[in-house]
Each structure stands twice: as structure tokens, then as C-alpha cells.
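# Examination of the molecular architecture
Each chain, written out:
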Amino acid sequence: RDVLREGQGAAIVPEDEGAFAARVVQLLTDRPALAALAARTRPYAETWSAGAMAKRLVDWYAQVIDARRGGASAVRPVAPAS
């Protein structure tokens, strides 16, 4: 669930069979909604690619090094672009 974001290539519903079925039917019958969801899938997925993850890790290490040298006061996790 940490990686999945509603509307970013994922349709998230409560853990309930009825809600899941209703969402599937809604997407299968509403082609524009399905197309819009599909269009946002690749750009969001690319924020979790190996290259994007490596960049965030390098950025985080740079913050740690800067903080150790007396720079930034706090090291914050580097989140993917939304």
C-alpha cells in the first residue's frame, strides 16, 4: 500500500468484495475514467524505477553528509514525486 496511490495507476477500495466488484465494473463501463487512470500509470510507476530510487537514495545520503558537516539540522526521507 505504501507504493500504491489512488488514481495514479491504481484503484484502491476497502477490503470488501462488493466494493472491489463495484470499482471493477465502474472502470470497465466508464472508458474515459479507465483511460485517464491508465494514462497516469506509467509516469507514476517511473517514480519507482531503479534510476529514480537510486537518485532519491543519493539525495538522502547527501543530506546525511551535509547534516554531519553541520549543514541541515534534520535529515528527511526523500519522497517520490507526486
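Remember, it's a predicted structure, so these values are computed and weren't measured experimentally.

### A few points about the packing of aromatic side chains
Evaluation of the coordinates by the stated rule reveals one aromatic pair. With centroids separated by 5.3 Å and ring planes inclined at 65°, the aromatic side chains of Trp-60 and Tyr-61 adopt a geometry described as edge-to-face. Of note, Arg-56 hangs over the ring of Trp-48, and the distance from its end group to the ring centre comes to 4.9 Å.

### Let's talk about the pattern of salt bridges
Taken as a whole, this structure holds two salt bridges when the rule is applied. A salt bridge links Glu-6 to Arg-23; the nearest nitrogen and oxygen atoms lie 2.9 Å apart. In this pair, Glu-6 sits in the segment before helix 1 (17-29) while Arg-23 sits in helix 1, placing the two residues 17 residues apart along the sequence. The partly exposed category is assigned to Glu-6, whose relative accessible area is 42%. When its relative accessible area of 24% is taken as the criterion, Arg-23 is described as partly exposed.

### Thoughts on the confidence of the model for the chain
Residue-level pLDDT values for the chain average 86, and 84% of them are 70 or greater. For the chain, per-element mean pLDDT is lowest for helix 3 (residues 50-68), which scores 91, and highest for helix 1, which scores 95.

Analysis parameters
- Residues numbered from 1 in each chain as written.
- Predicted model: local features only at pLDDT ≥ 70, side-chain atom pairs only at ≥ 80, totals over all residues.
- Heavy atoms only, no water.
- Phe/Tyr/Trp six-rings, centres within 6.5 Å; stacked < 30°, edge-to-face > 60°.
- Lys NZ or Arg CZ within 6 Å of the ring centre and 35° of its normal.
- Salt bridge = Lys/Arg side-chain N within 4 Å of Asp/Glu carboxyl O.
- Helix = DSSP H or I, 4+ residues; strand = E, 2+ residues; numbered from the N terminus.
- Buried < 20%, exposed > 50% of the residue type's maximum accessible area, 1.4 Å probe, protein only.
- pLDDT = per-residue confidence, 0-100.

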